[in-house]
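Chain residues, written in single-letter form:
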Amino acid sequence: MKKIVLTFLICSLSLKLFGQSEINNLIKQGLDYSYNFQLEKAEAAFDRIISKNPNDPRGYHYKSSIYLWTYMSNKDKDDYDKFFKFSDIAIEKAQKIIEENAEDETALYVLGANYGFRAMALMKSNSQLSSVWAVKNSNKYLKEVLEKNPKMYDAYLGLGLFNYALSLVPGVFKWALKIAGLSGNREEGINYLKWAYRNGNFSKTEAAYYLSQIYSETLIDYNTSLGYLKQLVKEFPANVLFQYSYAVVLIKSKKPTEAEKILRQIIKINNPNFKQVTAFSNFLVGEIIFRKNNFDSAINYYNKFLSSSTETDYSGIAYYRIAICYELTDRRDEGKKYYILARNGNLDIQDDLYAKRKSEIYFDRTLSDNEISSLKASNLIESGKFKEAFDSLTTLLPKLNSEKLKAEVNLYLSDVCFELGRTQESVEYGIKACSYNVSGETWIKPFAEYYIARAFVKLNNKSEATHYLEKAESSTDYDYQTKLTAFINGLKIKLSI
């Protein structure tokens, strides 16, 4: 009798293990399809989990992630509704398991991870307070998972992402975090994401992507960001979001030709589930062509972006660029209406805020010849043509009378000299840029002080670098302040190493 019971227990255990193994394989298969944007195949894999195990929350959890991906790209209400439909079921199934067994790690993980999904969807839909409470629930359940099993590394993904994100929340929103009992730590967040990337079973891909964005957007380490993205693009070649993000960092790295090839491929694919990625790709091709000083062709891509975008983000800067393109091709009357339209972008976006300010200036007057020359030279810098930019700027500088333009051109020379390895000259041009009265263009001085600090870091003069970083930080209320703050923080990290 004992032998029969023992045999039964062994068989039961084997069946349970086999079932778990099968589910894990289907999750992995579904996630691979999902990350490669083969969404129908991904859904089929997760549906197999649901059909075989209707009370298991994981099938619904991972199925909800498909609609989260598409909603985050397109903000389509149907995707939003479908995401919450399967999210609700996943949470309901997981909570039912917890009621019967409070120690169930899988159910706790699903609750933590799915509340994390909900936080992202709610934030995208501008439901900030609801998003904060979703983050609170996510953190609570993920911490419970790790208390029970510190080696369940997938739980570090959500904890890392939100830990990092909460560390960046502006002071005006800190009250909401305080009410919810939340706070964030940047270093801890990055470390958690790295643990998920190195050790997680299902979280490696997402952790790599979030790390790539952190290194690109806030740590200003483009090489590390490109390393993560290059790996993702190779592993998931049909994922246009990974490709787009890769192109963005290439542009930041002053490699527009490589970026343009990728962006044109995204436009050619024109994935219907990720229409906004295609729209933004048209915008960036327009930016690359604009930076090549090919103003006629740039107009076409900006218009394609504006006609296809479902959001107001970057519409202001696109209209402004079109206006400039018309002006520089002797069609100012046609361009003036775009100066008016440029005031209607998303003013939470730095580019659109800049476009509004500049469009109000140039609606009332034309660009001078020297302003046009300065703009074209700055475009050469953004295109990675540093020697050509240096020659243009040094030729232009003696012709200038305007202090604002002198400051701007010296700023550009500081930047281009740094790129050319002429580091001491970068310091000198930066100091000159700071010496002029910029009359309204208040962004020039803090950017110049950052360039000076950057050069001193390269010259291994930490005291002077720190001095100029502190000066740059003391400025407020200027164009692209958020961007410069990220540059400053990235340089501080280099100083502390």
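Everything that follows concerns the structure shown earlier in this document.
Predicted model only: the values in this text are computed from it and were never measured.

Caption draft 1: Spotlight on the overall build of the protein chain. Counting its secondary structure elements, the protein chain contains 25 helices and 0 strands. Over its C-alpha atoms the protein chain spans a radius of gyration of 26 Å, differing by no more than 12% from the 23 Å that the globule rule assigns to 497 residues. By its C-alpha atoms, the protein chain is 100 × 50 × 40 Å across when sized along the principal axes. A buried classification covers 52% of the 497 residues belonging to the protein chain. Pairs at least 24 residues apart make up 60% of the contacts formed inside the protein chain by residues separated by at least 6 positions.

Caption draft 2: Representation of unusual backbone geometry in the model. In this structure, Asn126 is a non-glycine residue whose phi angle is positive, near 65 degrees. In the Ramachandran plot, Asp477 falls in the positive-phi region, its phi being about 60 degrees despite a non-glycine side chain. Residue position: Asp477 is located in the loop between helix 24 (462-474) and helix 25 (481-496).

Caption draft 3: Spotlight on helix 13 (residues 256-269). Relative to the 20 Å expected for 14 residues at 1.5 Å per residue, helix 13 spans 20 Å between its end C-alpha atoms, a close match to the ideal helical length. For helix 13, every residue scored as buried is listed here: Pro256, Ala259, Glu260, Ile262, Leu263 and Ile266. Where helix 13 is buried, its residues contact helix 12 (240-252), helix 14 (275-291) and helix 19 (369-382). In the stretch just after helix 13, Asn270 is the one whose phi turns positive, near 50 degrees.

Caption draft 4: Fine view of the packing of aromatic side chains. Taken as a whole and assessed by the stated rule, the structure comprises 38 aromatic pairs. The interplanar angle of 50 degrees and the centroid separation of 5.2 Å between the aromatic rings of Phe283 and Phe305 together place this pair among those described as tilted. Of the two residues, Phe283 is situated in helix 14 and Phe305 in helix 15 (residues 295-308); the sequence distance between them amounts to 22 residues. Neither Phe283 nor Phe305 differs from the other in exposure class; each is buried. The structure contains a cluster of three or more aromatic residues connected by ring pairs, namely Tyr35, Phe37, Trp69, Tyr209, Tyr210, Phe236, Phe242 and Phe274. The ring of Tyr301 has Lys304 lying over it, and the distance from NZ or CZ to the ring centre is 4.8 Å. Sitting over the face of the ring of Phe363, Lys336 holds its NZ or CZ atom 4.5 Å from the ring centroid.

Caption draft 5: Fine view of the environment of Glu371. Note that Glu371 resides in helix 19. Residue classification places Glu371 among the buried residues on the basis of a relative accessible area of 8%. A sequence separation of 37 residues divides Glu371 from Glu408, and the C-alpha atoms of the two residues are 9.8 Å apart. One polar contact links the side chain of Glu371 to the main-chain amide nitrogen of Ser368, over a distance of 2.8 Å.

Caption draft 6: Structural view of helix 5 (residues 105-124). For helix 5, which comprises 20 residues, the first-to-last C-alpha distance of 29 Å matches the rise-based estimate of 28 Å (1.5 Å per residue) to within 8%. For helix 5, the buried fraction is high: 16 of the 20 residues fall into the buried class. A distance of 3.1 Å separates the backbone nitrogen of Thr106 from a side-chain oxygen at the start of helix 5, and that oxygen is part of Asp104.

Caption draft 7: Quick peek at the state of the cysteines. According to the stated counting rule, one finds 0 disulfides in the structure shown. Left without a disulfide partner, Cys417 is nearest to the cysteine sulfur of Cys434, which lies 15 Å away.

Caption draft 8: Main features of the environment of Tyr326. Locating Tyr326 in the fold gives a position in helix 16 (residues 315-328). Taking the C-alpha atoms as reference, Tyr326 lies 43 Å from Phe83; in sequence the two are 243 residues apart. Sequence-distant contacts of Tyr326, that is, excluding residues within four places in its chain, are made with Ile299, Arg331, Arg332, Glu334, Gly335 and Tyr338.

Caption draft 9: Summary view of the pattern of salt bridges. A full pass over the atoms with the stated rule returns 28 salt bridges. For Glu260, the salt bridge is made with Lys292, and the minimal N-O distance between the two is 2.8 Å. Placement of the pair is Glu260 in helix 13 and Lys292 in the loop between helix 14 and helix 15, with a sequence separation of 32 residues. Close ionic contact of Arg422 with Glu425 constitutes a salt bridge, the shortest N to O distance being 2.8 Å. On the basis of relative accessible area, Arg422 is assigned to the partly exposed category, the value being 30%. A relative accessible area of 26% means that Glu425 is categorised as partly exposed. Ionic contacts of the salt-bridge type, sharing partners, join the residues Arg357, Lys358, Glu441 and Asp479 into one network.

Thresholds applied
Residues numbered from 1 in each chain as written. Predicted model: local features only at pLDDT ≥ 70, side-chain atom pairs only at ≥ 80, totals over all residues. Heavy atoms only, no water. Helix = DSSP H or I, 4+ residues; strand = E, 2+ residues; numbered from the N terminus. Rg over C-alpha atoms; globule rule 2.2 N^0.38 Å. Buried < 20%, exposed > 50% of the residue type's maximum accessible area, 1.4 Å probe, protein only. Contact = heavy atoms within 4.5 Å. Expected span 1.5 Å × (residues − 1). Phe/Tyr/Trp six-rings, centres within 6.5 Å; stacked < 30°, edge-to-face > 60°. Lys NZ or Arg CZ within 6 Å of the ring centre and 35° of its normal. Polar contact = N/O pair within 3.5 Å; in protein donor to acceptor, adjacent residues only side chain to side chain. Disulfide = S-S within 2.5 Å. Salt bridge = Lys/Arg side-chain N within 4 Å of Asp/Glu carboxyl O.

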